[in-house]
Each structure stands twice: as C-alpha cells, then as structure tokens.
Amino acid sequence: MDLLEAGTAQFERVVAAIPPGAWANPTPCDMTVREVVDHVVAGNLFATRLLAGASTAEAVAGLENYSSDADPLGAVATSCASQRSAFAAADEDRLLHHPNGDISLETFFRFRLGDLVVHAWDLAVGAGLDPSLDPAVVEALWTVVEPHVEEMRRMGAYGNSTGELPADAPTQTRLLDAFGRRS
C-alpha cells in the first residue's frame, strides 16, 4: 500500500503542475494531456468497482466516454483515494475478471501502479514539465515489474518494449521501456 500511495502522490503532483495551456498537448502515449488524465481517472474508477465485486461489464460501464472537464484535479484526487481504499480492502486471494483475462490481485496492482507512474511521465512530457520521476517510486515499481516484463510483452497491453537497453541503463529508462516508452 505504501507503493500505491507513493505512485498516487507522484501522479497527483504532476496533474497539479499542468499549466493551463497544456491540456490539449500531445503525450508520448498518443493521447492529449486531458485524455491521459481522463484515462487514469476512468482506470481508477474501474479498479474501485472491480475490487468491490463488480463484474467486468459493470466495472467498465459508462467509462468509455469519461471526462473530468469540470475539475480534473478533484477527479484525480477523489478517484485515487477510492482506488487506494479499494485495494486496502481487497481480498488478496480473489481472482479478478479483468478485460485482459482473469488475473490475480497482485497482477492488477501492477497494472494500476504502472498506469499511475508511467502516465505521470507521459503527462510531464506532454505538459513540458520535468520528466524525472521520483527515484524511490521508480526503483520500487521496477522491482515489482521486472520479473514480469516478458508476461507484459505477451499481453500487448503496455506498448512495445525494445528489450534492448544496455545493462547500465538508468532504472527510469528501463521501466519506461518496459511500458513501451522512450525517454
């Protein structure tokens, strides 16, 4: 839960720093800054519903056109708090019926944490902010993700990793590459 808290704080800090004129800017993940924020908020809402016992169909209902236009920072804060509470209350042994297939809580945790951290980088790049992520968050997330990089590549849900970085590449570069980003 500490790692989720740190990843959430990273994402919220970046969203709070987005300049007013940057919301329509493109990001490295082929969405605008606004669309990335909406995507993460919708993902948080999906996670909250799924962890509360909703079916896949119930968990995704109404999220395809989600928009945080009125208050993006408020939507981020509220949805992140709901997601943290849902993970804290979740049954660690429960199988989740995710759109990508049945997955463990641990796998879903990696999905959501990766979404928060990597999309924080996407937003920073798109908004013209410093793209350096919190090194402690990056190291902790890489520790969780690295053993599963091949599985992630097979799923195709993370972009195209090169898998060809030098052994001494910085951890942030390796993490971003695993999620199909080039720093």
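Heads up: the structure comes first, above all this text.
Residues numbered from 1 in each chain as written. Predicted model: local features only at pLDDT ≥ 70, side-chain atom pairs only at ≥ 80, totals over all residues. Heavy atoms only, no water.

(A) A look at the packing of helix 6 (residues 135–145) against helix 8 (residues 171–178). Contact pair helix 6 / helix 8: the axes reach a minimum separation of 9 Å and the direction vectors enclose 45°. When the axes of helix 6 and helix 8 are compared, the pair comes out oblique. The two elements helix 6 and helix 8 meet at a crossing, and its hand is left-handed. Between helix 6 and helix 8, the contacting residues are Val 138, Glu 139, Leu 141, Trp 142 and Val 145 on the first element and Thr 171, Gln 172, Arg 174, Leu 175 and Ala 178 on the second. In the contact of helix 6 with helix 8, the residues fall into six nonpolar, two polar and two charged. (Axes fitted to C-alpha atoms, helices over the stretch in contact; angles between N-to-C directions. Helix = DSSP H or I, 4+ residues; strand = E, 2+ residues; numbered from the N terminus. Parallel < 35°, antiparallel > 145°, perpendicular 65-115°, else oblique. Left-handed = near helix turned anticlockwise from the far one by under 90°. Contact = heavy atoms within 4.5 Å. Nonpolar A, V, L, I, M, F, W, Y, C, P; charged D, E, K, R; others polar.)

(B) Highlighting helix 6. Buried within helix 6 we find Val 137, Val 138, Leu 141, Trp 142 and Val 145. One side of helix 6 carries all its buried residues, which in axial view fall inside an arc of 130°. The exposed residues of helix 6 that point more than 90 degrees off its buried face are Pro 135, Ala 136 and Thr 143. (Buried < 20%, exposed > 50% of the residue type's maximum accessible area, 1.4 Å probe, protein only. Arc of directions from axis to C-beta.)

(C) Summary view of the packing of aromatic side chains. Under the counting rule described, the total for this entry stands at three aromatic pairs. Ring centres of Phe 46 and Phe 108 lie 6.0 Å apart, and the angle between their planes is 80°; on these two criteria the pair is classed as edge-to-face. Separated by 62 residues along the polypeptide, Phe 46 in helix 2 (residues 33–51) and Phe 108 in helix 5 (residues 105–127) bring together distant segments of the chain. Classification of Phe 108 by relative accessible area gives buried; the value is 1%. (Phe/Tyr/Trp six-rings, centres within 6.5 Å; stacked < 30°, edge-to-face > 60°.)

Remember, this is a structural readout, not a statement about activity or role.
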